[in-house]
Structure formats: C-alpha cells, structure tokens
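# Structure assessment
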Amino acid sequence: MLLGAQWGDEGKGKATDLLGGSVDYVVRYQGGNNAGHTVVVGDQKYALHLLPSGILSPTCVPVIGNGVVVDPSVLLSELSGLNERGVDTSKLLISGNAHIITPYNVTVDKVTERFLGKRKIGTTGRGIGPTYADKINRVGIRVQDLYDESILTQKVEAALDVKNQILSKLYNRRAIGVDQVVEELLGYAAQIEPYVADTVLVLNQALEDDKVVLFEGGQGTLLDIDHGTYPFVTSSNPTAGGACTGAGVGPTKISRVIGILKAYTTRVGAGPFPTELFDADGEALRRIGGERGVTTGRDRRCGWFDAVIARYATRVNGLTDFFLTKLDVLTGWEQIPVCVAYEIDGKRVEELPYSQTDFHHAKPVYENLPGWSEDITKAKSFADLPKNAQNYVKALEEMSGAPISAIGVGPGRDETIEINSFL
Ligand code: GDP
Ligand code: IMO
Ligand code: MG
C-alpha cells in the first residue's frame with residue numbers, strides 16, 4: 001500500500017506509476033476527483049484525478065474501490081482524454097458499491113463553502129464532503145443504482161427532499177428537480193456499465209492467486225477525517241485502515257505500507273501548518289518545486305520538513321517504508337532547517353498534540369542541516385548523492401521512524417534512487 005504521509009501532493013502518482021509495471025492491480029480506496037496525481041512518462045505528462053495511476057501501465061488492472069466517490073462526468077472525460085492519447089483503459093474495474101457524486105453534491109459543496117466565509121475549509125469544490133455525508137446519512141446514490149431506474153428515482157427523491165429545503169430556504173438557491181438529476185445520471189449508465197464489477201471479490205481472488213495488489217491513497221495522513229487536522233481535512237480515510245474498508249480487503253493481507261514523504265512540506269486549503277514559510281524561502285520552494293495544485297490551480301503553501309508529522313504518519317499508518325520525494329528541490333540551500341519538535345505554550349513537545357488548540361499554537365523547533373549545491377537529478381544510487389544530501393536523508397530517516405527505501409530526484413519515472421525493493 002502506498003499513501004500520503006503529509007497533507008497530500010507528496011508525489012503519490014509518480015510513486016504508484018513507478019511500481020505500476022511490476023504489480024497486477026492498482027486500487028484507489030478513498031477520495032475522488034479532489035485528488036490530482038501527476039505522472040511523467042518520458043516527455044508525456046498526465047494529470048489523473050479519479051483514475052488510479054496504474055492506468056498508465058499496460059499490464060496492470062486499475063480498480064476504483066467501494067470507498068471512492070465517483071463523479072461520472074469526470075470519470076468519462078478522464079477516460080476519453082486518456083484514450084485520445086493512446087492509453088488503453090479497457091481493463092478498468094469500478095465497484096458497484098462506490099458512491100456517486102451527483103450534481104447537487106457539487107452545488108452543496110460550493111454553497112456551503114461560500115456561507116462559511118472566512119471559516120471555510122478551502123475544499124476543492126468537487127462535491128466530496130457532501131457525497132460522503134450522504135453516504136453516512138444513508139441517502140447516497142451508488143454506481144449500481146444507475147441500473148435500476150425506479151430505485152434511482154426513489155433515492156434521488158429522498159436525497160433531494162431535505163436538500164431542496166436547505167438550498168431554497170437557507171441558501172436562497174433554486175430547488176433542484178428530481179427528473180433532471182435522474183435523467184443526467186441515467187445518461188452515463190451505459191458508458192460506465194462495462195467497467196462495473198464486484199471488485200471486493202476480484203481483489204480477494206487475486207490475492208489468493210498470489211497476485212500483487214497495490215493500494216493507492218489519495219490526499220494524505222493529515223487530511224484524514226479521523227487522524228488529520230480536523231476540521232481542515234477531507235471527508236475520507238486516506239490512512240492505511242481506509243484501504244481495508246475502501247477496498248474490502250482484510251488487514252492481514254497487507255504486507256507493506258509505504259508513506260510518500262516530501263523532503264519539505266506543502267498544504268493546499270485552510271488549516272494549521274506549523275512549518276509554513278511566508279518569506280523568500282517559501283517562495284523559492286514553491287517556484288523550484290512547482291507547487292501549484294493539479295486540481296484547482298491554487299498555489300500550495302510551502303514550509304520546511306516536519307519530523308513530528310512524519311513520526312505521526314509512521315504511527316497511525318504502521319508504515320514499513322518511506323519514499324522520500326523531491327529531494328532535488330532542496331539543492332542550493334546552504335542550511336536546511338528541519339522541524340524536530342514543537343514548542344507549545346513554552347513547553348517542548350515531541351509528538352503531534354491531539355488537541356486542536358495546542359496544534360494551532362505549535363511553533364516549530366528547528367535544527368539546521370548542512371545543504372548541498374551539486375545537481376542530484378542524475379543520481380542513480382545513494383552513493384551518487386553528495387555527502388550532505390546523504391546526511392539529510394539519514395537524519396530524516398532517523399527522526400521519522402521508518403526506513404527510507406526510495407528517493408525522488410526528479411519528476412520522471414527513472415529519476416528515482418531505489419534503496420530497498422518494494423516488491
Ligand atoms: P500526488 O498528489 O501525491 O500524486 O502529487 P502531485 O502530483 O499533486 O504533486 C507532486 C508533484 O511533484 C508533481 O508535479 C510530480 O510530477 C512532481 N514530483 C514527484 N516526485 C518528484 C521528485 O522527486 N522531484 C521533483 N522535482 N518533482 C517530483
Ligand atoms: P492529492 O491526492 C492536497 C484538501 C483541499 C481542502 C481539503 C478538503 O493530490 O494529494 P475536499 O475537496 O477534499 O473536501 O477538500 O482537502 N485536498 C487536498 N490537498 N492534495 C489533495 O489530493 C487534496 N484533496 C483534497 O485543498 O483543504
Ligand atoms: Mg496531488
């Protein structure tokens with residue numbers, strides 16, 4: 001399993017794609033098209049939102065698990081975009097139990113954010129939160145409902161009953177018609193049907209046959225609804241446990257849990273971020289790292305590496321390995337500050353505080369590590385890295401609590417140093 005160890009955008013897409021050629025299945029287990037995973041293959045760049053990054057590996061079966069929320073219009077346009085570029089998408093499997101992001105879920109997401117004003121979460125506006133809310137409230141629409149018009153109509157009616165009251169009476173918006181929604185959803189049904197499958201059965205049979213299954217997380221540990229910086233989080237479980245519920249695979253079947261970890265930190269949207277920089281260094285990280293959102297085009301907030309967060313990610317996910325990405329971005333700094341602990345109300349704290357108030361007050365305690373100026377993008381082995389870059393990686397490994405098994409030195413598939421094999 002492979003997941004984000006920070007606030008998302010750690011380079012999960014690249015890491016998944018790198019392993020895609022050697023695994024049989026790549027499975028998304030949560031989130032939806034709020035994700036933006038960039039994969040660079042040769043001179044081609046792909047931005048994937050809903051589809052698993054394994055879709056770019058011809059031998060691999062990409063799977064959208066039951067825990068994912070699917071916007072059918074996004075699904076179909078992402079598929080046709082890839083087909084136009086010559087990518088075969090015919091192996092894709094979609095769980096019939098995955099929930100559908102309906103047009104009214106997108107409306108509710110946008111309206112809610114607008115009404116929150118300065119307290120807004122800064123969501124991607126893709127309807128993610130309201131769709132998961134409907135799922136939990138048991139008024140969600142599932143992929144399988146597209147194949148029974150009468151059930152679909154009843155469910156859309158039930159979902160819109162309360163929502164239309166809220167939209168019209170509270171938010172002063174026009175009510176949404178049931179027929180219009182049903183018609184739109186039915187319009188997608190035939191095109192999606194060939195992909196719909198009992199993915200839980202398929203994946204468990206594959207595991208019994210000793211096939212290699214890779215779970216690809218969206219978002220990251222600190223955006224997890226349970227373990228993240230609530231309420232500034234997404235509405236699903238990107239952490240390791242989410243793969244079990246979101247794909248229907250038992251925890252005993254998962255052998256490796258790889259945390260994707262950026263060599264510095266970024267965050268998109270609102271919420272606390274202790275090592276955030278507001279100076280020229282932050283600007284430089286953003287510029288050199290190309291830190292602009294793949295989904296919404298927003299500038300990412302940037303800051304130094306935070307070892308407290310990395311340790312937390314190791315703990316809540318039971319990480320066996322880290323894949324450290326974007327080390328090349330740090331080339332050129334004389335000294336690189338790394339946050340080793342927080343100071344909260346005058347006290348040194350080594351672990352992430354569970355209290356939201358404490359976390360908002362956390363000030364980073366930095367240790368300066370010596371930087372390097374040599375170009376590292378061509379490095380193929382750990383020994384090729386300058387001594388100070390090696391020491392930076394070793395220091396991060398020691399602070400973070402799991403071995404760093406690969407290092408990214410550029411966006412391309414081959415711009416990776418493999419230390420321990422993942423397979
Ligand atoms: P994801 O959401 O975790 O898949 O990450 P994103 O794709 O949103 O953001 C990561 C960005 O960093 C993408 O533009 C990648 O192409 C790029 N990237 C990934 N690994 C590396 C690396 O090791 N070095 C550099 N320079 N860029 C990388
Ligand atoms: P990948 O998979 C970074 C953030 C949003 C917002 C919060 C809630 O590319 O790492 P949502 O639309 O999910 O309800 O928004 O979560 N967010 C992400 N930030 N990378 C992502 O995905 C994100 N997906 C959601 O910016 O703060
Ligand atoms: Mg991303």
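Before reading further, recall that the structure is shown in the block above.
Let us look at the structure shown here. Starting from 1, residues in each chain are numbered consecutively following that chain's sequence as written. Going through the entries in the order they are written, you letter the chains from A and number the ligands from 1. Note on the predicted model: pLDDT of at least 70 is required for a residue's local features to be given, and 80 or more for side-chain atom pairs to be given and counted; whole-chain, interface and lining totals, by contrast, use all residues. Neither water nor hydrogens contribute to the side-chain values; these are computed over all heavy atoms in the structure.

## So, the side chain of Asp321
Elements are defined by DSSP. Helices are runs of H or I of four residues or more, strands are runs of E of two residues or more, and each kind is numbered from the N terminus. Along the chain, the position of Asp321 falls in strand 15 (residues 321–325). Two N or O atoms count as a polar contact when they lie within 3.5 Å, although within protein this holds only if one can serve as hydrogen donor and the other as acceptor, and sequence-adjacent residues are included solely when both atoms are side-chain atoms. Polar contacts involving the side chain of Asp321 include one to the side chain of Thr320, which spans 2.6 Å. Contact criterion: two residues are considered in contact whenever any of their non-hydrogen atoms come within 4.5 Å of each other. Leaving out residues up to four positions away in the same chain, Asp321 has contacts with Arg256, Val257, Ile258, Gly259, Ala402, Pro403, Ser405 and Phe422.

## So, the site of ligand 2
Near ligand 2 you find 20 residues, and of these Asp9, Lys12, His37, Thr124 and Thr234 are the closest. Measuring from an oxygen atom of ligand 2, one finds a side-chain N or O atom of Thr124 at 2.6 Å. Within the side chain of Arg298, an N or O atom sits 3.0 Å from an oxygen atom of ligand 2. Note that accessible areas follow from Shrake-Rupley with a 1.4 Å probe, and for residues the cover is restricted to the protein chains shown. Relative to its unbound accessible area of 550 Å², ligand 2 is 98% covered by the protein chains. Put simply, Ala, Val, Leu, Ile, Met, Phe, Trp, Tyr, Cys and Pro go in the nonpolar bin, Asp, Glu, Lys and Arg in the charged bin, and everything else, Gly too, in the polar bin. Its residues placed into classes, the shell around ligand 2 shows 6 nonpolar, 11 polar and 3 charged. Where each domain starts and ends follows an automatic or database-derived domain assignment. In this structure, the shell around ligand 2 is formed jointly by two domains, domain 1 (2–88 + 199–418) and domain 2 (99–194), each of which donates at least three residues. If a single non-hydrogen atom of a residue is within 4 Å of a molecule or strand, that residue counts as near it.

## Notes on the packing of helix 3 (residues 103–116) against helix 4 (residues 128–136)
Only the contacting stretch of a helix is used when fitting its axis, a line to C-alpha atoms as for every element, and angles between N-to-C directions run 0 to 180 degrees. Look at helix 3 against helix 4: their axes get within 7 Å of each other, and the N-to-C directions meet at 120°. By the criterion of interaxial angle, the relationship of helix 3 to helix 4 is oblique. Of the two possible hands of crossing, helix 3 and helix 4 adopt the one that is right-handed. Two secondary-structure elements touch here, helix 3 through Tyr104, Asn105, Val108 and Asp109 and helix 4 through Ile128, Pro130, Thr131 and Asp134. Just so you know how the angles are binned, under 35 degrees is roughly parallel, over 145 roughly antiparallel, 65 to 115 roughly perpendicular, and the rest oblique. Crossings are assigned a handedness: left-handed for a near helix turned anticlockwise from the far helix by less than a right angle, right-handed for a clockwise turn.

## As for the packing of helix 3 against helix 5 (residues 149–170)
Relative orientation of the contacting elements helix 3 and helix 5 amounts to 30°, with a least axis distance of 12 Å. Regarding the angle of helix 3 to helix 5, the classification is roughly parallel. Pair helix 3 / helix 5 crosses with left-handed handedness. In contact with Tyr104, Asn105, Thr107, Val108 and Phe115 of helix 3, helix 5 contributes Val156, Ala159, Leu160, Lys163, Leu167 and Leu170. Of the residues contributing to the contact of helix 3 with helix 5, the split by class is 8 nonpolar, 2 polar and 1 charged.

## Considering the coordination of the magnesium ion (ligand 3)
At this site the magnesium ion (ligand 3) is bound by Asp9 (OD) and Gly36 (O), with donor distances of 2.0 to 2.1 Å. Taken together, the positions of Asp9 in the loop between strand 1 (2–4) and helix 1 (12–20) and Gly36 in the loop between strand 2 (25–28) and strand 3 (37–41) put the pair 27 residues apart, joining distant regions of the chain. Owing to a relative accessible area of 22%, Asp9 belongs among the partly exposed residues under this scheme. Atoms are scored as donors when they are N, O or S and lie within 2.8 Å of the metal, with 3.2 Å used for Na, K and Ca; no water is included, so coordination may look incomplete. Each residue is placed in one exposure class: buried if its accessible area under a 1.4 Å probe, protein chains only, is under 20% of its type's maximum, exposed if it is over 50%, and partly exposed if it falls in between.

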